Amino acid sequence: MKPSISAGPPSGLLLVLMCCPLLGLVQSASSNKAGDKGHQHLVDTDPERCMRHHFVETITHPIYKCNSKMVLLARCEGHCSHTTRSDPLISFSSVLKQPFKSFCSCCRPHTSKLKAVRLRCAGGTRITATYRYILACNCEECS
């Protein structure tokens, strides 16, 4: 947050305004609700909604004797819309293999980045372990 200082009235009071960058996102999310495609917005205050949760994991090599390292990871957890839908499919054949098309929402990683950690092993060798670090979660169609 960046403080913005402005001179107050001549009474000697000083007014300090704190600008919150998330406020613009909340306002734009609520104004874009008409064009919403089922994505979660910051205005959703449900504490159990689909969101990123951090946890610490210790990485060790399963075979070689290496020093372990603790890393911060993230996972997507929470619920999406409770509404699911099944629409009948139209076919021109007498046999319907799948008579319905179902729609549901799952909490999944939306964006992530590849990260790596190096472990120092016996004899001075180094082994690199890689993993995906989740940046954002979203409710997306289940497969």
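Residues numbered from 1 in each chain as written. Predicted model: local features only at pLDDT ≥ 70, side-chain atom pairs only at ≥ 80, totals over all residues. Heavy atoms only, no water.

A. Molecular detail of the overall build of the chain. Each helix and strand counted, the chain has one helix and eight strands in total. Here the chain holds 143 residues, and the buried ones make up 14% of them. Sequence separation of 24 or more characterises 51% of the internal contacts of the chain that already satisfy a separation of 6 or more. (Helix = DSSP H or I, 4+ residues; strand = E, 2+ residues; numbered from the N terminus. Buried < 20%, exposed > 50% of the residue type's maximum accessible area, 1.4 Å probe, protein only. Contact = heavy atoms within 4.5 Å.)

B. Representation of the confidence of the model for the chain within the structure. With 68% of its residues at a pLDDT of 70 or more, the chain shows a mean pLDDT of 73. Here strand 2 (residues 14-19) stands out as the element of the chain with the lowest mean pLDDT, 35, in contrast to strand 4 (residues 69-77), whose mean of 95 is the highest. When the criterion is pLDDT under 50, residues 1-43 qualifies, and its contacts beyond four places in sequence or with other chains add up to 30 contacts. (pLDDT = per-residue confidence, 0-100.)

C. Looking closely at the state of the cysteines. As enumerated under the stated definition, the model contains five disulfides in all. Disulfide pairing places Cys50 opposite Cys107 at an S-S distance of 2.1 Å. Here the disulfide of Cys50 and Cys107 is right-handed, its torsion about the S-S bond being about 80 degrees. Here Cys50 is found in the loop between helix 1 (21-31) and strand 3 (51-59), whereas its partner Cys107 is found in strand 7 (residues 105-120), with 57 residues between them in sequence. Residue classification places Cys50 among the buried positions, given a relative accessible area of 6%. (Disulfide = S-S within 2.5 Å.)

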